[in-house]
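# Structural characterization, general
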Amino acid sequence: MTYKEQLDYNRIPQHIAIIMDGNGRWAKAKGKQRGEGHIAGASTLHDTMMHAAQLGVKYVTVYAFSTENWTRPDEEVNGLMALLFEKLDLGIFMDNDIRFCVIGDTDRLPEKVRERMNYCISQSAGNQRGTLTVALSYSSKWELTRATKLIAEQVKEGKLAIDEITDKTIDEALCTSFMPDPDLLIRTGGETRLSNYLLWQCAYTELYFCDTYWPDFDEEALCKAIYTFQQRERRFGKTSEQIAEENSNR
Ligand code: FPP
């Protein structure tokens, strides 16, 4: 039986975050340039967005470019920016009723990428079936620093008392304030770290690491990740007995 056939469709994660790693190694293994790995990766992203929407996943948030990625060779950075510009196709979002969002330090992006990105964001804002959020020029440390400054500003202006600051205040100051925390985080490419991605938001997220390089991550690989997630017990700091009781009272 395939993983897809074994899924419990009543327990599909609402939000999946993905670290799309392994494009460069995929290309190298095939004797191709790194850029070709990113092109293949963009196609996998398109397919994954479609599969996730079909399965009923409401939010998919992918790490496409970190603040640290700006230090990669110019040729690779320029290639990735050109790819972004080319692949930001409003038609795909409108035809599939997918809302497109971006999180990150977007002021650093080339103007033409930013313009197309903002156009896709505003035009797709009313779409309902799912939300694809792309983290671009993003890192958690950048985001948390920005949130801290926003909150400090509110305190300074007398709009917020220090005692009133709660974890909700921080949630609301993050770029991700419009989405629930991820239920499942998938990292492809064999590394087992979070690389400065959604560190606050993943406090209780189930982590799934696989060796598959991102361009090879297909529908069955996605279903395997979701199936593995469904086998886990999410306790959010409680005991198994408490969780069992809560489930029986539902
Ligand atoms: C990590 O693989 C991947 C990236 C830094 C870029 C991911 C970007 C895409 C998949 C394209 C996104 C396109 C759109 C339209 C959002 P790596 O290069 O670090 O791989 P390696 O670890 O094997 O070298």
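As a starting point, this report considers the structure included with it. For clarity, every value in this text was computed on a predicted model and none was experimentally measured.

## A short note on the overall build of the protein
Along the protein, the regular secondary structure elements total ten helices and six strands. For 250 residues, the compact-globule estimate of 2.2 N^0.38 gives 18 Å, and the protein sits close to it at 19 Å. With the C-alpha coordinates of the protein rotated into their principal frame, the extents come out at 60 × 55 × 35 Å. In the protein, which comprises 250 residues, the proportion classed as buried is 46%. For the protein, the proportion of contacts with a sequence separation of at least 24, taken over those separated by at least 6, is 78%. Carbon and sulfur atoms form 48% of the exposed surface of the protein, whose accessible area is close to 13400 Å². Computed over 30 positive and 38 negative side-chain charges, the inter-centroid distance for the protein is 3 Å.

## Concerning the pairing of strand β2 (residues 59-66)
Most of β2 sits inside the fold, with seven of its eight residues counted as buried. Direction of pairing for strand β1 (residues 15-19) relative to β2: parallel, over a ladder of five bridges. In the sheet register, Ile19 faces β2, and the bridge partner there is Tyr63. The sheet contact formed by β2 and strand β4 (residues 130-138) spans seven bridges and is parallel.

## A word on the packing of aromatic side chains
Summed over all chains, the structure comprises eight aromatic pairs. Ring centres of Tyr3 and Tyr227 lie 5.5 Å apart, and the angle between their planes is 55°; this geometry places the pair in the tilted category. You can see Tyr3 sitting in helix α1 (residues 3-6) and its partner Tyr227 sitting in helix α9 (residues 219-231), a full 224 residues away along the chain. A residue is classified by how much of its surface remains accessible, and Tyr3, at 28% relative accessible area, is partly exposed. Of the residues examined, Tyr227 reaches a relative accessible area of 21% and is grouped as partly exposed.

What counts, and where the lines are drawn
- Residues numbered from 1 in each chain as written.
- Predicted model: local features only at pLDDT ≥ 70, side-chain atom pairs only at ≥ 80, totals over all residues.
- Heavy atoms only, no water.
- Helix = DSSP H or I, 4+ residues; strand = E, 2+ residues; numbered from the N terminus.
- Rg over C-alpha atoms; globule rule 2.2 N^0.38 Å.
- Buried < 20%, exposed > 50% of the residue type's maximum accessible area, 1.4 Å probe, protein only.
- Contact = heavy atoms within 4.5 Å.
- Areas by Shrake-Rupley, 256 points an atom, 1.4 Å probe, with all protein chains shown as cover.
- Lys, Arg positive; Asp, Glu negative; His and termini not counted.
- Charge placed at Lys NZ, Arg CZ, Asp CG, Glu CD.
- Pairing = 2+ DSSP bridges.
- Phe/Tyr/Trp six-rings, centres within 6.5 Å; stacked < 30°, edge-to-face > 60°.

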